[in-house]
Amino acid sequence: MRQEEIQLLRELAKEKLQISMDEKNLENRELWICTNDLHMKKPPVYIDEMCWNEMNVDQELTLQTEDEFCRKLELELRKEIYLWKHMPGNMVVNPYIDCPVTVRGGEFDDAFGISESVTTVQADKTSAIKSRHFNIQIRGEEDIEKIMDPVVTVDEKDTSDKLEKMQTIFGDILDVRLCGERGKWFTPWDYLIRLTGVEPVLYDLIERPEYIKALVRRFTDASLKLMEQYNELGLWASNNNNTRVGSGGYGYTDMLAAPEGLDRNASAKQLWGCGNAQIFSTVSEEMHWEFSLEEEIRWMSHFGLNYYGCCEPLHYKMNILKKIPNLRKISASPWCRIRQMAEMAGKDYVMSCKPSPAIFSGGSFHEETARRDVRKILEESQGCSIEIVLKDLSTVDYKPQNLWRWNEIAREEIDRMYG
């Protein structure tokens, strides 16, 4: 790290610290707590999963450092400052920065001894979005044994080196917190279809049901082995903070025992858990339960609160979702019938309502369409606790100002209805 790189990062850290002192952070934090604790004052807004390759305006996201470690920190800081400036929703900025413990063997993509083999097509070379064809590696019961139990270790040297560097850079400006994992996505079928292909699984639900049950059971067994090791190594950190939970917004709540500052040695009961089965979008309630949710619950039952769902429509599956222990949030994707879900959810759950991001693509952004979409969600969810989450932004046609304007429109519509 060169001295000029360190100085640049320090200036960004000072800007982050200044933002963290804004009273809006406290107001937004309270808004999230009220919503997640089922006494919502007004719906909070969260914007995520965006096409950062299309966001750079006036070089605000242009990296100036060259050292790889510095570039990662610079990018993280620049993105946070950019969001606060242009489309904050109800974000909260902390007066500290996390230094994650370096965990080996803990990521689902490479934890089980078998990784996806894909052929990709990329339309926009500047984008992270790719179309993927999965090369099948698991075809039947004889292949299930390819899924191995994970072995999780902590790379103490890499962790210590990162912490020392970050403290050197930020120590007298921002508190550097050594932290474990703030929750973990658990979505068996999002992982397994990368090994089996999507279409074969949907046929096998009917033609080879025992094979499908054995496959998802093996994945869950291996995942629980991973959880055991996280518990033993003290790797769970509180996500009762501005950590994104599942495919929704922040995890702030007064319903979990873990304080925001618990950065290591939390128990799963002090965390939010989550699950989903996106490829089961058109599968019946009964099959969803039999071939996925019954196994997912073996994981989610360990957590203090749970979030369920992502892009799949869940309005007609509320009866089985209510069987999830400690379920608190449910995804209401763009394909969900909000009014129907609201009638089933009542005051017992938070609906994570997601307007369609398609309005930003193809030069089709119209303010009245955006306003109508948000207003429809607000009107059809009356009487429920909700959050509004704009995500899956593959493109905004290189017009980030439209996204900034959506942020304003969402707040205007919420204020119009809730004051």
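Residues numbered from 1 in each chain as written. Predicted model: local features only at pLDDT ≥ 70, side-chain atom pairs only at ≥ 80, totals over all residues. Heavy atoms only, no water.

What am I meant to see in the pattern of salt bridges here?
Side chains bearing opposite charge may pair, as long as their charged atoms lie close to each other. Counted under the stated rule, the structure contains 40 salt bridges. The partner of Arg-10 in a salt bridge is Asp-172, with the nearest N and O atoms 2.7 Å apart. With a gap of 162 residues between them, Arg-10 in helix H1 (residues 3–20) and Asp-172 in the loop between helix H4 (156–170) and strand E7 (175–179) connect regions that are remote in the sequence. Take Asp-172: its relative accessible area is 61%, and that puts it in the exposed class. (Salt bridge = Lys/Arg side-chain N within 4 Å of Asp/Glu carboxyl O. Helix = DSSP H or I, 4+ residues; strand = E, 2+ residues; numbered from the N terminus. Buried < 20%, exposed > 50% of the residue type's maximum accessible area, 1.4 Å probe, protein only.)

Teacher, can you tell me more about the packing of helix H6 (residues 198–207) against helix H7 (residues 209–233) here?
Angle between the axes and distance between the axes are the two parameters that describe a pair of packed helices. Closest axis-to-axis distance for the H6/H7 pair is 6 Å, and the angle between their directions is 120 degrees. The angle between H6 and H7 places the two elements in the oblique class. Residues Val-201, Asp-204, Leu-205, Ile-206 and Glu-207 of H6 touch H7, and the partners they reach there are Pro-209, Tyr-211 and Ile-212. A per-class count over the contact of H6 with H7 returns 6 nonpolar, no polar and 2 charged. (Axes fitted to C-alpha atoms, helices over the stretch in contact; angles between N-to-C directions. Parallel < 35°, antiparallel > 145°, perpendicular 65-115°, else oblique. Contact = heavy atoms within 4.5 Å. Nonpolar A, V, L, I, M, F, W, Y, C, P; charged D, E, K, R; others polar.)

What is the right way to look at the pairing of strand E8 (residues 272–275) in this model?
A two-sided burial pattern is seen for E8, the buried positions comprising Trp-272 and Cys-274 on one face and Gly-273 and Gly-275 on the other. Looking at chain direction, E8 and strand E9 (residues 305–308) are connected through 4 bridges and run parallel. Residue Cys-274 lies in a different strand from E9, and its bridge partner there is Tyr-307. Between the parallel elements E8 and E9, the chain passes through helix H8 (residues 285–300) in a crossover that is right-handed. (Pairing = 2+ DSSP bridges. Right-handed = clockwise from strand over helix to strand, strands pointing away.)

Honestly, the sheet that holds E8 in this entry has me stumped. Any pointers?
Pairing between the strands of a sheet comes from backbone hydrogen bonds, and it takes one of two forms, parallel or antiparallel. Spatial ordering of the open sheet is given by E1-E12-E11-E10-E9-E8, a layout of 6 strands whose pairing is parallel. Whereas interior strands pair on both sides, the edge strands pair on one side only; in this sheet they are strand E1 (45–47) and E8. Geometrically, the sheet is characterised by an average inter-axis angle of 20 degrees between neighbouring strands, direction not taken into account. One ladder, built from 4 bridges, connects strand E10 (residues 327–332) with strand E11 (residues 350–353); its direction is parallel.

Mind showing me how you'd approach the environment of Thr-65 here?
By secondary structure assignment, the location of Thr-65 is in the loop between E1 and helix H3 (68–86). Taking C-alpha positions, Thr-65 is 48 Å from Ala-342, a pair spaced 277 residues apart along the chain. Setting aside residues up to four positions removed in sequence, Thr-65 forms contacts with Glu-5, Leu-8, Cys-70, Arg-71 and Glu-74. For Thr-65, the side chain forms a polar contact with the side chain of Glu-74, separated by 2.6 Å. (Polar contact = N/O pair within 3.5 Å; in protein donor to acceptor, adjacent residues only side chain to side chain.)

Whenever I open this one, the state of the cysteines confuses me. Can you help?
Working definition: the covalent bond between the sulfur atoms of two cysteines is a disulfide. For the structure shown, the criterion picks out 0 disulfides. In this structure Cys-353 is not part of a disulfide, and its nearest cysteine sulfur, from Cys-336, lies 7.5 Å away. Residue class for Cys-353 comes out buried when judged on its relative accessible area of 0%. (Disulfide = S-S within 2.5 Å.)

Would you mind going over the packing of aromatic side chains with me for this structure?
The geometry of an aromatic ring pair comes down to the distance between the two centres and the angle between the two planes. In the structure shown here, the tally under the stated rule is 16 aromatic pairs. Each ring, one from Trp-32 and one from Tyr-250, has its centre 5.1 Å from the other, and the planes form 50 degrees; the classification is tilted. Highlighted residues: Trp-32 in helix H2 (residues 24–36) and Tyr-250 in the loop between H7 and E8, separated in sequence by 218 residues. Each member of the pair Trp-32 and Tyr-250 is classed as buried. With a centroid separation of 4.7 Å and 10 degrees between ring planes, the pair formed by Phe-186 and Trp-299 is classed as stacked. One end of the pair, Phe-186, is in the loop between E7 and helix H5 (188–196); the other, Trp-299, is in helix H8, with 113 residues separating them in the sequence. Each of the two residues, Phe-186 as well as Trp-299, counts as buried. The ring of Tyr-96 has Arg-177 lying over it, and the distance from NZ or CZ to the ring centre is 3.7 Å. Lys-323 extends its terminal NZ or CZ atom over the ring of Trp-289, reaching a point 4.4 Å from the ring centre. (Phe/Tyr/Trp six-rings, centres within 6.5 Å; stacked < 30°, edge-to-face > 60°. Lys NZ or Arg CZ within 6 Å of the ring centre and 35° of its normal.)

How should unusual backbone geometry be read in this particular structure?
For Asn-265, which is not glycine, the phi torsion reads 65 degrees and is therefore positive. The topology assignment puts Asn-265 in the loop between H7 and E8. Here the phi dihedral of Asn-326 falls at roughly 60 degrees; this positive angle occurs in a residue that is not glycine. In this structure, Asn-326 sits in the loop between helix H9 (318–321) and E10.

Scope: geometric values only; no functional claims are made or implied.
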